[in-house]
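Structure assessment
Letter by letter, the chains look like this.
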Amino acid sequence: MKLTMRVVDAFTDTLFKGNSAAVIIHNDWLPVVTMANIAAENNLSETAYIKPINDNQFAIRWFSPITEIDFCGHATLASAFVLFTDNPHLNTIVFHTDKVGILEVNKGENGIIVMQFPNLKPTIAEHIPLALLDAISIKPKQVLKNQQAYFVICETEHEVLNITRNNDLLKTLDPYDLVVTAQAKSNNFADYDFVSRYFWPANGGDEDPVTGSIHAGLAPYWAAELGKNKLVALQASKRQGVLHCEIDNSNGKDVVIISGQAVLYMQGEIHV
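Source: prediction; values computed, not measured.

1. A few points about the overall build of the protein chain
- Summing up its helical and strand segments, the protein chain has six helices and 18 strands in all.
- Taken over C-alpha atoms, the radius of gyration comes to 18 Å for the protein chain, in line with the 19 Å a tight globule of 272 residues would show.
- Each of the three principal axes of the protein chain carries a C-alpha extent, and together these read 50 × 40 × 35 Å.
- Counting the 272 residues in the protein chain, one finds 53% classified as buried.
- Here the contacts in the protein chain between residues at least 6 apart in sequence split such that 61% fall between residues at least 24 apart.
- About 12200 Å² of surface is accessible on the protein chain, with carbon and sulfur atoms providing 47% of the total.
- In the protein chain, the 20 positive side-chain charges and the 30 negative ones have mean positions that sit 2 Å from each other.

Structure representation (structure tokens):
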């Protein structure tokens, strides 16, 4: 079988920045073992599989090189970028997922893609695993948790940028990953409201370059802390990525809007 695959750099307008995701569109799901093997072969943070339902409705699944993932933001952005490119008449795409429900994505201005995610605001961690505290080189200001990860709140951006960690210990937190974050206060980060880094050795790899899904938790946390509903975030990995975040509680909604750009890196054909 021959399948078309695109590789897209998400949350950036510059090649070799942001986070790469592979996107494969097929009329039906491939066998799970095949989808897992393709994702492992790609060795990107995520490979997204899309199954068309009707004109603007699509089912989506995400695989890291290690396992199927419940929710991935950057691969959703990459998938929407591919679908909007292939179908220029579309302005709205609706993704159907097994774990996080319906995800609506809209075409914005100047190449911006606007995604509506569920509000996954973290809460105070009632129990902080000793392995977490032993795994990182800083003393957390606070530790929170949602269904995806532990959130370590840091005092400064310097702590976020220079943290060291023990991946073997972090793996024991499975199924939870780890995000470290701080308010952007210094002049070096004047364009941003907060910074973060994301580590997921149990589920994907060492450090994820840019993680859209975790901002469904980071954005509502920092919105409450900073008293503002619109924020600009920097995920301060080596590749870096910029995410525009908004908390929308209008008309009974409770969603986090994550917006960003994407750029095509590669289009090719795989044989499975």
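2. Some remarks on a nonpolar patch on the surface
- A cluster of nonpolar side chains, contributed by Leu15, Phe16 and Tyr265, occupies part of the molecular surface with about 330 Å² of accessible area.
- Here phenylalanine 16 shows up in the loop between β1 (2-10) and β2 (19-25).
- Taking the relative accessible area as the measure of exposure, phenylalanine 16 reaches 56% and is therefore exposed.

3. Description of the side chain of glutamine 148
- Considering the arrangement of structural elements, one finds glutamine 148 in the loop between β10 (142-145) and β11 (149-153).
- The residues contacting glutamine 148, other than those within four sequence positions of it, are Pro175, Tyr176, Asp177, Tyr198, Thr211, Ser213 and Ile214.

4. What about the environment of isoleucine 53?
- With respect to the element layout, isoleucine 53 can be found in strand β3 (residues 46-54).
- Sequence separation between isoleucine 53 and valine 94 is 41 residues, and the spatial gap between their C-alpha atoms is 9.8 Å.

5. Focus: the nonpolar core
- The biggest cluster of nonpolar side chains holds 55 residues, and the ones touching the most others in it are Trp62 and Phe95.
- A per-element tally of this core places helix α2 (residues 73-86) first, with eight residues.
- Core analysis: the second largest hydrophobic core is formed by 22 residues, Val152, Cys154, Leu170 and Ala236 among them.

6. Here's the deal with the state of the cysteines
- Counted by the stated rule, this structure contains zero disulfides.
- Cysteine 72 takes part in no disulfide bond, and the closest cysteine sulfur, belonging to cysteine 245, lies 15 Å away.
- In this structure cysteine 72 comes out as buried when scored by relative accessible area, which is 5%.
- Left without a disulfide partner, cysteine 154 is nearest to the cysteine sulfur of cysteine 245, which lies 18 Å away.

7. Quick word on the pairing of strand β7 (residues 102-107)
- Both strand β6 (residues 92-96) and β7 contribute to a ladder of five bridges, which runs antiparallel. Each bridged residue has a counterpart across the sheet, and for phenylalanine 95 the counterpart in β7 is leucine 103.
- By the bridge criterion, four bridges tie β7 to strand β8 (residues 113-118) in an arrangement that is antiparallel. Paired with glutamate 104 across the two strands is glutamine 116, which belongs to β8.

What counts as what
- Residues numbered from 1 in each chain as written.
- Predicted model: local features only at pLDDT ≥ 70, side-chain atom pairs only at ≥ 80, totals over all residues.
- Heavy atoms only, no water.
- Helix = DSSP H or I, 4+ residues; strand = E, 2+ residues; numbered from the N terminus.
- Rg over C-alpha atoms; globule rule 2.2 N^0.38 Å.
- Buried < 20%, exposed > 50% of the residue type's maximum accessible area, 1.4 Å probe, protein only.
- Contact = heavy atoms within 4.5 Å.
- Areas by Shrake-Rupley, 256 points an atom, 1.4 Å probe, with all protein chains shown as cover.
- Lys, Arg positive; Asp, Glu negative; His and termini not counted.
- Charge placed at Lys NZ, Arg CZ, Asp CG, Glu CD.
- Patch = residues over 30% accessible without salt bridge, like charges linked within 9 Å, V, L, I, M, F, W, Y side chains within 5 Å.
- Salt bridge = Lys/Arg side-chain N within 4 Å of Asp/Glu carboxyl O.
- Core = buried A, V, L, I, M, F, W, Y, C linked by side-chain atoms within 4.5 Å.
- Disulfide = S-S within 2.5 Å.
- Pairing = 2+ DSSP bridges.

Read these as layout, nothing more, since geometry by itself doesn't imply function.
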